[in-house]
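Geometric and topological summary
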Amino acid sequence: MKAKLSILGLSLVLLAGCGQSEKPVDLTQTKKNNSSEYEIGTITEKALSSYVRLPGQLNPFNEVNLFPRVNGFVKSIYVDRGSKVRKGELLLTLEAPEMESQLQAANSRYLQALETANASKEKYKRLKEAAAEPGSVSNLELDSAMSKMKSDMAVANSEKSNVQSVKTMQGYLNIYAPFDGMIVERNISPGALVAPGKASDQPMLVLQDTRKLRLEVAVPENYVDKVDLNKAITFNFNAIQGKEYTGKISRVANALGSMRSEAIEIDVINSDNKLKPGMYGEVKIAMVSGAKSLLVPNTAIVQTTEKEYIIVVKKGRATFVDVKEGMTSKDDTEIFGALSPSDRIILKAGEEIKQGEIIK
């Protein structure tokens, strides 16, 4: 009887368990998303804008840092910052007392050598006159006198050159303006000790010619062959609002600098002296007619810390192509790289797309 009750209780428990609505969960089932469907488009080829806007900077047409050529003390300064000077005008004088002693010593040596040379010349002249009498003067004695005269004259000429050299050094004590311009920097005072130094040292004075300025523009490598060098350009400056200037390209570097750009210069007449060296401006440069460029949507360009690229779809797979950006508008960006207008690209690309991924 007890065995039958036990079996009946077990049966009731099993029936109660089977009556629950919950079902077992399959923990091995995961959600899969193999979708690689992206919006595909092609690169657009359009004619470039008729001009390009690039930043430019004003530089003085001529500029020089004035350093001393000899050791000395500053005696007098005749100009200051902002002084307008003319070519050849005396700017400052130095003094070096030891140079006067050097000049006197050089003069003394020269006079002594000159007296010796004149004596040798007179002796040779007398011997030559005496040699007119046969047997009175030997040929050896006459030749020796002539050699002594030439040697003494050479010494005298050498001492004369030394005197001129010291006088030239004395001339370096006076500093003159090499061209018309304005003093923009002064770094000395009377009594200061100055000496020749390196170009990295602080100059005594800085002179700039600001009547005519150079507007320097760095043209990126990608635009070098597209700039029209013969057309007039326009430019304006951030510090002078509402005024636009015109000009022509005066000179071209014909070489790329360290920033992979070519420098061009526009001469700017500054008769009213309103423009200052160092001013920044925007330059509008004409482009060669018919020049075309490749454009893609801004969203097609993927930028990482290492590179900049777009994703081209080749044979159904993602292929990364490195690019450089040019002009940018609200929606499109000009690009440069190993691309053609017929290439199919992903219009909305991102770093989540991997190289070689199958694209539907």
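Residues numbered from 1 in each chain as written. Predicted model: local features only at pLDDT ≥ 70, side-chain atom pairs only at ≥ 80, totals over all residues. Heavy atoms only, no water.

What follows deals with the overall build of the protein chain. Helix and strand counts for the protein chain come out as 3 helices and 21 strands. Per-residue burial over the protein chain gives 33% buried out of 360 residues. Taking the intrachain contacts of the protein chain between residues at least 6 apart in sequence as the baseline, contacts between residues at least 24 apart amount to 76%. (Helix = DSSP H or I, 4+ residues; strand = E, 2+ residues; numbered from the N terminus. Buried < 20%, exposed > 50% of the residue type's maximum accessible area, 1.4 Å probe, protein only. Contact = heavy atoms within 4.5 Å.)

Now for the confidence of the model for the protein chain. When pLDDT is averaged across the protein chain, the result is 82; 88% of the residues are at 70 or more. Element-level mean pLDDT values for the protein chain span from 44 in helix α1 (residues 2-18) up to 93 in strand β6 (residues 90-95). Counting contacts from residues 1-35, a segment whose pLDDT is below 50, to residues more than four positions away or on other chains yields 0 contacts. (pLDDT = per-residue confidence, 0-100.)

On to the side chain of E357, then. Tracing the chain through its elements places E357 in the segment after β21 (344-346). This buried residue, E357, is left without a salt bridge; K354 holds the nearest opposite charge, at 7.4 Å. A distance of 3.1 Å separates a polar atom in the side chain of E357 from the backbone nitrogen of K354. (Lys, Arg positive; Asp, Glu negative; His and termini not counted. Salt bridge = Lys/Arg side-chain N within 4 Å of Asp/Glu carboxyl O. Polar contact = N/O pair within 3.5 Å; in protein donor to acceptor, adjacent residues only side chain to side chain.)

A few words on the environment of K125. Locating K125 in the fold gives a position in helix α2 (residues 97-130). For K125 and M146, which are 21 residues apart along the polypeptide, the C-alpha to C-alpha distance reads 8.9 Å.

Okay, α2 next. Here α2 contains 34 residues, and its C-alpha end-to-end distance of 51 Å stays within 8% of the 50 Å for a straight helix at 1.5 Å per residue. Considered for burial, the residues of α2 that qualify are M99, L103, A106, Y110, A113, A117, S120, Y124 and L127. Looking at the packing, one finds that the buried side of α2 touches α3 (139-171). (Expected span 1.5 Å × (residues − 1).)

With the rule as written, the count across this model stands at 13 salt bridges. Across the pair D180 and R86 runs a salt bridge, and its minimum N-O distance is 3.5 Å. Of this pair, D180 sits in the loop between β7 (174-176) and β8 (181-186) while R86 sits in the loop between β5 (84-85) and β6, and the two are 94 residues apart along the sequence. Classification of D180 by relative accessible area gives buried; the value is 15%. Through salt bridges that share partners, R86, D180, D209 and R211 make up one connected network.

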